Amino acid sequence: MSKAWEDKAKGNWNIAKGKIKQKWGELTDDDLDYAEGKEDELIGRIQKRTGETKENVNKFLNDISY
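Residues numbered from 1 in each chain as written. Predicted model: local features only at pLDDT ≥ 70, side-chain atom pairs only at ≥ 80, totals over all residues. Heavy atoms only, no water.

Visitor: For this particular structure, what's the right way to read helix H3 (residues 39–50)?
Guide: The periodicity of an α-helix, 3.6 residues per turn, causes residues three or four places apart in sequence to face the same way. Helix length check: H3 (12 residues) gives 17 Å between terminal C-alpha atoms against 16 Å at 1.5 Å per residue, within 8%. Those residues of H3 that sit buried are Glu 39, Leu 42, Ile 43 and Ile 46. Here the buried residues of H3 occupy an arc of 100° about the axis, which is enough to place them on one side. Structural note: H3 exposes Asp 40 and Lys 48 on the side pointing more than 90 degrees away from its buried face. (Helix = DSSP H or I, 4+ residues; strand = E, 2+ residues; numbered from the N terminus. Expected span 1.5 Å × (residues − 1). Buried < 20%, exposed > 50% of the residue type's maximum accessible area, 1.4 Å probe, protein only. Arc of directions from axis to C-beta.)

Below, the structure written as structure tokens:
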């Protein structure tokens, strides 16, 4: 997990959560519950629900602009 995404997630989680739900509408609020230190778990949940690769999920998360 890149430091850039980690910083974005901490500071702008509600914005990020909305953009993630726009991209992958099948995710629920429970899937996106974010707790500090749980970044890998979040990526795993997105992968499990959407079938996306870890690389694609990371790229999307790193490219989110606020």
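The structure having been displayed, the exposition proceeds.
Visitor: Would you take a moment to explain the nonpolar core for this structure?
Guide: Nonpolar side chains tend to gather and get buried jointly when the protein is soluble and globular. If you look at the biggest cluster of nonpolar residues, it comprises 12 residues: Trp 13, Ala 16, Ile 20, Trp 24, Leu 27, Leu 32, Leu 42, Ile 43, Ile 46, Val 57, Leu 61 and Ile 64. Residue assignment for this core shows that the elements contributing at least two residues are helix H2 (13–23), H3 and helix H4 (54–63). (Core = buried A, V, L, I, M, F, W, Y, C linked by side-chain atoms within 4.5 Å.)

Visitor: Is there a simple way to explain the pattern of salt bridges in this structure?
Guide: Close approach of charged atoms allows side chains with opposite charge to pair. A complete count under the given rule lists 6 salt bridges for this structure. In this structure, Arg 45 and Asp 31 form a salt bridge, with 3.9 Å as the shortest nitrogen-oxygen distance. Linking Arg 45 in helix H3 with Asp 31 in the loop between H2 and H3, this pair joins segments that are 14 residues apart in sequence. Across the salt bridge formed by Glu 41 and Lys 38, the nearest N and O atoms sit 3.8 Å from each other. The exposure class assigned to Lys 38 is partly exposed, which follows from its relative accessible area of 41%. A network of salt bridges, in which partner residues are shared, links Asp 31, Lys 38, Glu 41, Arg 45 and Arg 49. (Salt bridge = Lys/Arg side-chain N within 4 Å of Asp/Glu carboxyl O.)

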